[in-house]
Amino acid sequence: MNIITRRTILSYIDQYPLAANSLKIWYDELSKASFINFNELKSVYGNASIVANNRVVFNIKGNSFRLVVSINFKKQAAYVIWFGTHAEYDQIDVTTINFKID
């Protein structure tokens, strides 16, 4: 799976050092994986949830952080949209949040 872009993940690692190892592991695992649909992804990432607009939410570092990714299974591409704490996640609309790095 092609994750667009690695720079975004690195930026989130700088912003949230407590999640650094978990984000690196997620990035390494997903970039080596190939899934044909959400069900296949879910069999590996049991905590993943699909929401509108092909967006998938991953729990990172247990349930402390959330990662929102748009996935195109046909093109094997994943676009990182948003990352933050569980509390920050509760304040956004995951279906409409736009890509942004503060």
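Remember, predicted model here, so these are calculated numbers, not experimental data. (Residues numbered from 1 in each chain as written. Predicted model: local features only at pLDDT ≥ 70, side-chain atom pairs only at ≥ 80, totals over all residues. Heavy atoms only, no water.)

### Section: the pairing of strand S5 (residues 77-85)
Here S5 lies mainly inside the structure; 7 of its 9 residues are buried. Inspection of the sheet shows strand S4 (residues 65-72) paired to S5 by 8 bridges, in the antiparallel sense. When the bridges of S5 are listed, Asn72 appears paired with Ala77. From the end of S4 to the start of S5, which pair antiparallel, there are 4 residues, and Gln76 there has a positive phi angle of about 55°. (Buried < 20%, exposed > 50% of the residue type's maximum accessible area, 1.4 Å probe, protein only. Helix = DSSP H or I, 4+ residues; strand = E, 2+ residues; numbered from the N terminus. Pairing = 2+ DSSP bridges.)

### Points about the pairing of S4
Here is the key point about a regular strand: its side chains alternate between the two faces of the sheet. Buried residues dominate S4, accounting for 6 of its 8 residues. Hairpin geometry of strand S3 (residues 55-60) and S4 is characterised by an intervening segment of 4 residues between the two adjacent antiparallel strands and by a positive phi of about 55° at Lys61.

### Comments concerning the packing of aromatic side chains
All chains considered together, the criterion is met by 8 aromatic pairs. Ring pairing ties together the aromatic residues Tyr12, Tyr16, Phe65 and Phe83, which thus form one cluster. It is Arg66 that lies over the ring of Tyr89; its NZ or CZ is 4.7 Å from the centre. (Phe/Tyr/Trp six-rings, centres within 6.5 Å; stacked < 30°, edge-to-face > 60°. Lys NZ or Arg CZ within 6 Å of the ring centre and 35° of its normal.)

### Re helix H1 (residues 6-15)
Buried within H1 are the following residues: Thr8, Ile9, Ser11, Tyr12 and Ile13. Of the surrounding elements, those touching the buried residues of H1 are helix H2 (20-32) and S5. (Contact = heavy atoms within 4.5 Å.)

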